[in-house]
Amino acid sequence: MIRDPYRLRRRSLLTGAAAAATLAAAAACGDDGPAGTADDPIEISFEWWGDENRAGITKEAVDLFMSKNEGIKVQTNFADFPTYWEGLTGRMASRDLPDVFQMDYSRLRQFGSSGMLLPLEGVVKTDDFREGFLDTAKLDGQLVAVPIAGNTLGLIYRADLFDAHGVAAPAPGYSWDEYGADITTLTPQMGEGKWGGGDWCGQYHFMELWLRQQGGSFYTEDGKALNFEAAQLVEWWGTSAGLYEAGMVPPVETTIEWVEGGLVQDKLASEIGWDNFMPSFAPPVEELGGTLALAAPPSLDPSNLGLYLKPSMQLVISGATEQAEAAAKLVDFLLGDPEAIAILGTNRGVPATNTGLENVEIDANTQGVLDYEESVAQYLTTPPPAPPSATGAIEVKFGEIYQQVQYGEMSAQEAADLFFTEAETLLAAEQ
Amino acid sequence: MSASPSTTAPPAAGEAGAPTAREKRGAAKRRTPPARRGERLVGYTFMTPWIIGSLVFTVGPMLWSLYLSFTDYHLVLGGEWIGLANYTAMFDDPMFGRAVKVTLLYVLLAVPLKLIASLAVAMLLTQSRRGIGFYRAAFYMPSLIAMSVGIAIVWKVLFAQGGPQDQIMSWFGWDGGGFIGNPDVSILMLVLLSIWTFGAPMVIFMAGLLQVPDELHEAAEVDGASKWHRFVHITIPMLSPVIFFNVLMETVHAFQLFGPAFIIGGTAGGPAWSTLFYTVRIYALAFVDLRMGYASAWAWMLVLAVGVVTLIMFRAAKNLVYYAGEDNR
């Protein structure tokens, strides 16, 4: 072998450089972690879903938290609901979840059952929650989330339009058929491009309500299967079919482009939805010269509205967090600090803590929600157990497949069969 | 043949004696002189970051996904080896046929239209006119931005109900509304987006067109050949290797379309699954349904399909593509 001294030197130089780089990298790993002082703060991340408006006030509250806790720096991020979950799902696979993040009841099992969430008993304050709120924060008996606020389903409607067009305010216990008749009265009077109500059939939450009104449920108690028949799904999709064909509810070609709710755009006179949405819909509707009100959703059985108190949103701490203490501090602060509560207001719903309820500013619309919840309190029944992990995917599929029916690409029967095939595959995938 | 002397005579001569020359070179390579070996080591050392990068970020994940495709891996719950079950399940999956149909339709529409458009514009842009540089840049511009999120969003607005497309088309009696909400035509939005961004094949066509020797055109013109005849009998054959390259690249790209489809149609491939591209479905299977194993099997099926299509094209090209200088064909 011929050795060229010049080359050899260059090679050893390279080896040396590589070794130096490795050492430097190793040294960087040897940091003892932040001290939690103003100069070397602990960093935690906090993410939620919502709009700009929510982002503004949430950042304000977080800034207040940081000024009160100098050693903690909070990185915030937000996205809209579908994007938020798509992102988190991917990050869940790589165990890269934010330290604190906003949780939805429908996703609690998906995240909680795989040890992604920190058990919160003794970690955060739990003594101040309003009655019944912590029930839906537990997964198989273990507390893994804390509720920010609660909500329940209702009918949000334009009181002014109902009044002007001679439709009586819906009273608890009125039927789906009566609601359909109201829509049929309203739509023709409202003019081109406006409708008396939205098509409710694409939302699995509403079908769950309808099933509960018959004493049923969407999932079986153990959450491993659907608890209804394809024929029932066909029947459910039939509840708005007549209105849809007659053009009494907006066609899918139109709604597919909506990036805002129909009420806010002044295109709908009513919509079934979560009651805590009403106060955030109300200001834009007031600007249009309208007034919103809440009523119980239509029912099959006047004595059973199928309602239950659901946490509208929850806060959770990642099981992989290295800063559980700081994360818990942030959770306690957001739920229990009077100043923070004053900033956050009722954007996420009426607060779930007593301190929250005492310190939040209750405007007329929020009072409307409180009054509504009180008016249906006698109808609230036991919440269903946290739905299976696949529920997020099933929810998406439910809407997707109903769209086929709306477009006339499939009959309701074909679509229902397809939904069952798809849902069963999804549920089987997690057994 | 008349073409060979004028174009690439020296390489042609080299190619003619290729078999023996190549063998000799191959034999020489096996006995590398030691000095060369040191040089090679240095070369590899400099390449290390890229080698590591491609192993960690490309080859590794690919092998991992190949493994996953034989498991029922759930993004959260993990999974077990299930052999070929994912691959057989695909053929019972009602969504598989839909996704394949949408993707094939797109490939069949977008690839030829895009190539015709890019060749036509390339022919205009190879003329020597004043300010031609400006036009070349202007026609290339859309390709720089087209695959961005921003353009997909602009597209959504253009094709919305009551948007520019709807308005203009309704002057001519169209009553189908915006393409966005109409499952019969929604795929055309994506085809148009693809056609509009013909920059890359256009540049390649331009380079190819400039290689076509003027003598051939001049000779044909003297013989009285019309413009059309010259295009069909001179330009197309001389350009055929470039055409083949573009067809191949564009087809492979078209099979992989994801970004714009995802932004315009979402994971559901709306409206009514009319933009449910194969890749979009893979994404939904993996990140909405969390069925990573099954999604991986879908992904490998796509690799296989694109591989087969490419192979068929190479076979077909043997008879269709004319390489100047390869007189033996």
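Each remark here, short or long, concerns the structure printed above.
Residues numbered from 1 in each chain as written. Chains lettered and ligands numbered in written order. Predicted model: local features only at pLDDT ≥ 70, side-chain atom pairs only at ≥ 80, totals over all residues.

A. Region of interest: the sheet that holds strand β10 (residues 310-317) of chain A. Residues and elements named next belong to chain A. Taking strand neighbours across the sheet as the criterion, the six strands line up as β2-β1-β3-β10-β6-β11 in an open arrangement whose pairing is mixed. Edge positions in the sheet fall to β2 (72-79) and β11 (350-351), since each of these pairs with one other strand and no more. Where strand β1 (residues 42-49) meets β2, eight bridges bridge the pair, whose relative direction is parallel. Bridge pairing in β2 links Glu47 to Asn77. Contacts from helix α2 (residues 52-68) reach β1 and β2 within the one sheet, and its direction differs from that of β2 by about 170 degrees. (Pairing = 2+ DSSP bridges. Helix = DSSP H or I, 4+ residues; strand = E, 2+ residues; numbered from the N terminus. Contact = placed C-beta atoms within 7 Å. Axes fitted to C-alpha atoms, helices over the stretch in contact; angles between N-to-C directions.)

B. Spotlight on the nonpolar core. By size, the foremost hydrophobic cluster in this structure holds 172 residues, and its most contacted members are Leu330(A) and Val331(A). Here this core takes 10 residues from helix α6 (residues 94-125) of chain B, the largest share from any one element. Apart from the residues lying within four places of it in its own chain, the contact partners of Val331(A) are Val100(A), Val124(A), Val146(A), Leu315(A) and Ile317(A). (Core = buried A, V, L, I, M, F, W, Y, C linked by C-beta atoms within 7 Å. Buried ≥ 20, exposed ≤ 12 C-beta atoms within 10 Å, placed from the backbone.)

C. Representation of the sheet that holds strand β8 (residues 270-274) of chain A within the structure. All names here are of chain A. Read from one edge to the other, the open sheet built from three strands follows the order β8-β7-β9, with strand pairing classed as antiparallel. Across the chains shown, the open sheet's two edge strands, defined by having one partner strand only, are β8 and β9 (292-295). On average, adjacent strands in this sheet sit at an angle of 35 degrees to one another, irrespective of strand direction. In this structure, strand β7 (residues 153-158) lies alongside β8, joined through five bridges in antiparallel fashion. Bridge assignment links Leu153 to a residue of β8, and that residue is Trp274. Strands β7 and β9 of the sheet are contacted by helix α11 (residues 278-287), whose axis makes an angle of about 150 degrees with β9.

D. Quick peek at the packing of α11(A) against helix α15 (residues 364-375) of chain A. Residue and element names in this part refer to chain A. Orientation of α11 relative to α15, taken along the N-to-C sense of each, is 140 degrees, at an axis distance of 9 Å. Between α11 and α15, the interaxial angle falls into the category oblique. Considering the relative orientation of α11 and α15, their crossing is right-handed. Listed contacts from α15 to Met278, Pro279 and Ala282 of α11 are Asn365, Thr366, Gly368 and Val369. A per-class count over the contact of α11 with α15 returns four nonpolar, three polar and no charged. (Parallel < 35°, antiparallel > 145°, perpendicular 65-115°, else oblique. Left-handed = near helix turned anticlockwise from the far one by under 90°. Nonpolar A, V, L, I, M, F, W, Y, C, P; charged D, E, K, R; others polar.)

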